[in-house]
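Here is how the chains run, residue by residue.
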Amino acid sequence: MMTEFYALPNTEHFWHWPTLIHFFLVAMAGGAAVITTIALLTKHPKVRTYALVTMVLIVLDLITLWIESPARFRFTHVWIFLSFAPAAPIWLGAWGLSVSLVASFFVWLQKGPRALWATLLIIGSALALVYPGLALAANINRPLWTPVVLILFPLTGMLTVISIAHLLKQDWAKRWIAPLSLASVAMVIVYLAGLAMGGTEARMAFDYLMGHGGLLFALGLVLMAIVPVIRRVPVVAALVPLAGATIIRSLIVEVGQIQFFGF
Amino acid sequence: MSRMAMAIDLAACVGCAACSVACKHENEVPIGVNRLWIRNTTIGTFPNLVTEFRPEQCLHCENPPCVPVCPTGCCFVRADGIVDIEPMKCIGCSACIAACPYDARYMHPDGYVSKCDFCKHRVAKGELPACVTTCPTLCRSFGDLDDPNSDVSIALRGARRVDLLRPGLGTGPKLYYLNAPAKFGLVGEEGQRSS
Amino acid sequence: MKLGRRDFIKLSCATVGALAVGSTAKAQLFPGGFPNPFRPPPGKWFEGDVTTSYSYCEMCFWKCGMKVSVEGGKVRKVDGYLENPKSRGMLCPRGQAAPATTYDPDRLKKPLIRVEGSERGAGQYREASWDEAFDYIAEKMFAIRDEHGTESVAFMGHGTGDEWFASYLPGAWGTPNAAKPSVSLCTAPRETASVYTFGRGIAGHEQIDWDETDYIVLIGHHIGEDTHNTQLQQFAQALTRGAKLVVVDPRFSVAAAKAKDWLPIKPATDTALLLAWINVLIEEEIYDAEYVEKYTLGFEQLAEHAAQYTPEWAEAITEIPADTIRRIAREMAAHAPRAVLPVGRHVVWYGHDDSHRMRALYFVNILLGNYGMPGGYYLCDAPIVDTFPAPELPLAPAAGGCGGGPVEVGDSPFRPSVDRGKFFGTATSVQEFIEPMITGEPYPVKGLFAYGVNIFHSIPMVERTKEALRHLDLYVAIDILPMEHVMWADVILPECTFLERHDDLNLVAHKTPFIQARFPAVEPMYDSKPAWWIARELGIKLGLGEYFPWENIEEYLDRRLSSIGSSLEAMAEQGTIVRRGRPYIADWERLNRNPFDTPSGQLEFYSERFAEAGLDPLPVFIDPMEGPSGYYRLLYGRSPVHTFARTHNNAVLMEMDSENSVWLNTREAERLGVSHREYVYLENQDGVVEGPVRANVTERIRQDCVYITHGYGHKAPLMKLANGRGASDTHLQTRYDLDPYSGGAGLRNNWVRIVPGAPDPQHKSIAQLVRERSQA
Ligand code: SF4
Ligand code: SF4
Ligand code: SF4
Ligand code: SF4
């Protein structure tokens, strides 16, 4: 089979490096919101700190999004909040982050009804954590973004934020690293197996992923898998899974922009 | 209500790209992105060959995956079935680009998503889209599917066979390929049909 | 080699990645200009105040009637219009891209004079006024005239304005050395053969009655890759209507992809196939006996002559099975007279053989009884419009036209053209001007005008042409772009594009003959001028003012139009005036007229005139030239989105097809270890190398030839989009074979070998180049 084009289809990547940063930051922001929620519910003494961190991360993430947007100097972003698009993962994410931001702000102020902030945080943080995976999996035309990423992304998102918490010497974080890492590894294996044993298109996608960063992907997997072995060295135990999760997430976002149309 | 649609007779199309060039000027499509392109594919071995010339563009799906993922409602389906974009509502998130299974959407350098809009400004004046008007092989027909006397309805009725792109995805394209030259239909779509 | 899916994706990603406009826009701080949060996207042109005017397209020679839309002082869109028999409301890709040529920032902007003492080709120029440029030219022309005579200035022209530069001005100045490459490098054999067979030329636009035909046999005729608008429309409509198509071509062309039978003939053997068809039609007595009896001369000689050309004989030569040859002949006969073998346009293939091939082709048509019959060849003449009253030119224009057939020069006080006597036809052969410039034989040619002709991308033996240019006293180029050869000229005159100018009326021989006019849609950009103005001003400087007695083109056109009861004003409202034609023999017989202007008044199989001249009176097959082993015959053709070497700096067309590639059969590629899309060099039999050019490893071509599209491989740094992309077939044509009948130069007698391992030239994307150009 031989194909030639006159003019080319629009197959270039639509998400670029700022989007990768966004996917990293949103994992942290969503994860931080989850931690703040838990802290709030468990009346953890550091809940104000976590709320502040959550706010900072959300703002940072929003700034990244704004920089990434080619429409950054048009005030069109407001339309997200003027429309009702619950089927759009980005709409859900935007509301999730905004609600988390507002709730965190009041938690930090320690003003207002705690029950309301807790409720809002539960919903908002859940949305913020889940939406990146949803934004990918919604595209049934992109074979690397399988339904498995719906679980893989929240998991690795939590792993990201907990690793950083561990790095920042939050005692409770340590015990979560290994389980989250191993759960992520398991999901990555499920993800790969799903591709390798799927239909023609899934297998093409598997080959494609292996051909475009397969080694890096394997490295990410290994980094997460060795966590139980190295967990005694605090800094390393935090950085290794953090790197692993980030590599895997970034590759899935970056390489996954392929679709096999017309081949 | 109407359902605007297009049909391209692949038995006549020679892949000359007049449609693509016309679109470029009519819609001021920037160099580097395209609303319409031609995919020429050859299968077989010498001397038993089939070459298919296939223009591709937005298919104005009846069940368009690009629309629900848009967070601002800037991607929408008009009452006449044209899948359209309101550029002033677009935040450039590219979710719709990701969702389109046909590579039809691009980011305009001015910061909004764009694609074929069936030349809605011409349709409003009762004219045919620019690509349809100029096609030297007259292989394109356009019109309302709900009107049995429209060009497109007539073309569909007269076709030896009708094929859709990636039918397995359930997008319900309203761009129909007529009389594909290969026995099995559109080249590169064999897998789509069996799966 | 089958291209794996993964390779393909990688490949397209590589191409597309380089094209991404969005990603680069992202790198800018303020994409789309200074930030204004409330600024809506810029309005579309069609929402503004749009005016339209009539023109006819000049993106190729086909000249389709065109309507030009202007908004905000800029041409925004061009379209065909229904009333015009050529466009019929449609335009081809090149026509559609016309605005991108007008707004090409690389255009020539001011008259330029080569810096005194600099080498030709070194590209050192100073800007000059038009007046200074004309003075410079006139002074040199007078010097040439005084030393060598007026005949020592030669003219070459192509495009609508060539009437001024290849016909009128040379006639007024007094030189028979005026020529159009569109004759001897394109249509000459078909014209000579047609005049000597039918007593009529082939009209500029091949007069095939597509609307009525049921069976079409194309021989090396690339409809679909040649996007000659009307022809493509009618061809496609015929197929849609159910006409059957047979394509004879060494390559699975676009047309072949539409055919019921593809006959992959061995290159250079087409005449053998045609002679075999003549043989079958006659031997099996399935030709149209009544037609032959009534309208032809010399059938007995033909029958006797053709007896030797059996299908078995042809099979051995053409590699097409004898059974297939017989079957197709019978099918043709079954559909006759609505079966046709259309004549192609570019027919200078193998030189010695070309006129034989064209005559054999015509003979098959005559045997099918289709010439002047519905579904075959229709008859047509150009409409008549009086010329502007002016003194008779000292010398009748000698260039001939690609549609008009050879021009008889007659008695004149001037020396005959330098190519006189080299061949039988009388139209001047452009390539035959080159040697006299170098050798001075039969007399020196010292001055040359090139109007719209790309002499390095049309005339074979480019190095020889360069050598000839070095011998000149004066070389003037009139063009719109800084093509390589233009940058060799002593004086460069910038013409405006056709959207910015009036031109002479276009009188079209067609089934319904018609007259169309061109009006400027916008003012000329920069200091560019229209051809008519340049010719007239220069004429006045040369003391030939009496031959240009009009003040301006409006007066000229209005006067001409008044002779048919119209006016310039009426034409501005109308664009086209359509006449009734006499397409079939019956239409002529009704008027008691004979359409065949041969000495016998019949269609001539046997040519007494050729016999008298010592040439073959009947077509014969001559063994083709053979190439060295390990080399492939170099075939060439067109990209549907390009014209000659003329549109390769048009941003929109270059985005469609930005680079040519060399088609190489899969098995040959395997043998040579060449992979698809890899860059290679092409080296011809004389050691000339072109490239790097991509290999297109394909099943669509025979193993004994390779193919590239014409017009790429520009070596013109000032043409930012065209420069250095792909390979030039012309540069690889270091040999040609002269057709002794027509003076055509057979260009397909060159061979190349594939040299793998060329470096990737890392071309920037067209989008990238366009951006750089707009920032500069
Ligand atoms: S203009 Fe018509 S024939 Fe040419 S590529 Fe487009 S659809 Fe096909
Ligand atoms: S082709 Fe793509 S852009 Fe067009 S309607 Fe379908 S999904 Fe949307
Ligand atoms: S309908 Fe209009 S916008 Fe769509 S491809 Fe054709 S010319 Fe372009
Ligand atoms: S065939 Fe195309 S380029 Fe040639 S005159 Fe017609 S529209 Fe113009």
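The coordinates are above.
Numbering of residues starts from 1 in each chain and follows the order in which that chain's sequence is written. The naming scheme follows written order: chains are lettered A onward, ligands numbered 1 onward. For this predicted model, a pLDDT threshold of at least 70 governs which residues receive local features, and a threshold of 80 or more governs which side-chain atom pairs are given and counted, while totals over whole chains, interfaces and linings are taken from all residues. Calculation of side-chain values draws on the structure's entire complement of heavy atoms; hydrogens and water are dropped beforehand.

Undergrad: Account for the pairing of strand E22 (residues 679–684) of chain C, naming residues and giving values.
TA: All names here are of chain C. Only protein chains enter the accessibility calculation, which uses a 1.4 Å probe. A residue is then buried if its area is under 20% of the maximum for its type, exposed if over 50%, and partly exposed in between. Secondary structure follows DSSP: runs of H or I at least 4 residues long count as helices, runs of E at least 2 residues long count as strands, and numbering of each begins at the N terminus. Most of E22 sits inside the fold, with five of its six residues counted as buried. In short, DSSP must find at least two bridges between two strands for them to pair. In the sheet, E22 pairs with strand E23 (residues 689–698) via four bridges, with the strands oriented antiparallel. Within E23, the position partnered with Val-680 by the bridge is Val-693. From the end of E22 to the start of E23, which pair antiparallel, there are four residues, and Gly-687 there has a positive phi angle of about 85°. Sheet topology places E22 next to strand E27 (residues 751–756); five bridges connect them, and they run antiparallel. Opposite Val-680, over in E27, you have Pro-756 as the bridge partner.

Undergrad: Any details on the pairing of strand E24 (residues 705–709) of chain C? Residues and values, ideally.
TA: All names here are of chain C. Burial of E24 is extensive: five of the five residues sit out of reach of the surface. Neither face of E24 is exposed, since Cys-705, Tyr-707 and Thr-709 on one face and Val-706 and Ile-708 on the opposite face are all buried. Bridge analysis of strand E20 (residues 632–637) against E24 gives five bridges, and the strand direction is parallel. Residue pairing for E24: Gly-637 is matched across the bridge by Thr-709.

Undergrad: Please provide a residue-by-residue account of the packing of helix H7 (residues 181–198) of chain C against helix H14 (residues 354–367) of chain C, values included.
TA: Residues and elements named next belong to chain C. Direction vectors running N to C along H7 and H14 enclose 45°, while the axes themselves pass 8 Å from each other. With respect to H14, the axis of H7 lies oblique. Here H7 runs over H14; the crossing is right-handed. For the pair H7 and H14, contact is made by Pro-189, Arg-190, Ala-193, Ser-194, Thr-197 and Phe-198 and by Asp-354, Ser-355, Met-358, Arg-359, Tyr-362, Phe-363 and Ile-366, respectively. Taken together, the residues of the contact of H7 with H14 sort by class into seven nonpolar, three polar and three charged. Each axis is a line fitted through C-alpha atoms, taken for helices only over the stretch in contact, and angles between the N-to-C directions span 0 to 180 degrees. Orientation labels follow simple angle bins: below 35 degrees gives roughly parallel, above 145 gives roughly antiparallel, 65 to 115 gives roughly perpendicular, and whatever is left gives oblique. Should the near helix be turned counterclockwise from the far one by less than a right angle, the crossing is left-handed, whereas a clockwise turn marks it as right-handed. Here, two residues are considered to be in contact whenever any of their heavy atoms come within 4.5 Å of each other. Residue classes follow a fixed rule: Ala, Val, Leu, Ile, Met, Phe, Trp, Tyr, Cys and Pro count as nonpolar, while Asp, Glu, Lys and Arg count as charged, and any other residue, Gly among them, counts as polar.

Undergrad: An account of the interface of chain B and chain A is needed here, citing residue identities and associated values.
TA: Many authors give the size of an interface as the accessible area that is lost as the parts come together. Listed per partner, the contact involves 49 residues of chain B and 41 residues of chain A. Take the accessible area each of two parts loses on contact, using a 1.4 Å probe, and add the two losses: that sum is the buried area. Summed over both partners, the interface of chain B with chain A comes to about 3500 Å²; 56% of that surface belongs to carbon and sulfur atoms. Three residues, B:Arg39, B:Ile91 and B:Asp103, lead the burial of chain B against chain A; their summed loss comes to 17% of the area buried on that side. A pair is scored as a salt bridge if a Lys or Arg side-chain nitrogen falls within 4 Å of a carboxyl oxygen belonging to Asp or Glu. Counting every contact that joins chain B to chain A gives one salt bridge. The partner of A:Glu201 in a salt bridge is B:Arg166, with the nearest N and O atoms 3.0 Å apart. Here a polar contact is taken to be a pair of N or O atoms separated by no more than 3.5 Å, where protein atoms must pair a possible hydrogen donor with a possible acceptor and residues adjacent in sequence count only if both atoms sit in side chains. There are 21 residue pairs in polar contact (both at pLDDT 80 or more) connecting chain B and chain A. Looking at the side of chain B that touches chain A, the elements that each hand over two or more residues are strand E2 (37–45), strand E3 (48–56), helix H2 (95–99) and strand E6 (106–108) of chain B. Ranked by residue count, the leading element in the side of chain B that touches chain A is E2(B), at seven residues. Broken down by class, the residue content of the side of chain B that touches chain A amounts to 29 nonpolar, twelve polar and eight charged.

Undergrad: Requested: an account of the interface of chain B and chain C, with residues and values cited.
TA: Taken together, the contacts link 45 residues of chain B with 53 residues of chain C. When the two sides are added together, the surface that chain B and chain C hide from each other amounts to roughly 4000 Å², 65% of it contributed by carbon and sulfur. Counting the surface chain B buries against chain C, the share from its top three residues, B:His25, B:Ile31 and B:Phe46, is 19%. Counting the contacts that link chain B with chain C gives three salt bridges. Ionic pairing is found between C:Lys77 and B:Glu26, a salt bridge with its closest N-O pair at 3.6 Å. At the junction of chain B and chain C, the tally comes to eleven residue pairs in polar contact (both at pLDDT 80 or more). Of all the elements in the fold, those that place two or more residues in the side of chain B that touches chain C are helix H1 (18–26), E2, E3 and helix H4 (130–134) of chain B.

Undergrad: Report on the sheet that holds strand E10 (residues 261–263) of chain C, specifying residues and quantitative values.
TA: Strands in a sheet are paired, the pairing made by backbone hydrogen bonds, and the direction either parallel or antiparallel. All names here are of chain C. Pairing within the open sheet is parallel, and its four strands lie in the order E10-E9-E8-E12. Two strands close off the open sheet at either side, each with one partner strand: E10 and strand E12 (339–340). For strand E8 (residues 215–219) and strand E9 (residues 244–248), the ladder comprises five bridges, and the chain directions are parallel. The residue bridging Tyr-215 from the neighbouring strand is Lys-244, located in E9.

Undergrad: I'd love a proper account of the site of ligand 1, names of residues and values included.
TA: The cutoff for a nearby residue is simple: one of its non-hydrogen atoms must lie within 4 Å of the molecule or strand. Surveying the vicinity of ligand 1 reveals 14 residues, the closest of which are B:Cys13, B:Cys16, B:Cys19, B:Cys135 and B:Thr137. Broken down by class, the residue content of the shell around ligand 1 amounts to eleven nonpolar, two polar and one charged.

Undergrad: Lay out the packing of helix H5 (residues 114–137) of chain A against helix H6 (residues 149–167) of chain A with the relevant residues and their values.
TA: All names here are of chain A. The N-to-C vectors of H5 and H6 enclose an angle of 145°; their axes lie 8 Å apart at closest approach. Where H5 crosses over H6, the two elements pack in a sense that is right-handed. Packed against H5, whose contacting residues are Leu-129, Val-130, Pro-132, Gly-133, Leu-134, Leu-136 and Ala-137, the element H6 presents Val-149, Leu-150, Phe-153, Pro-154 and Met-158 at the interface.

What is shown is where atoms sit, not what they do.
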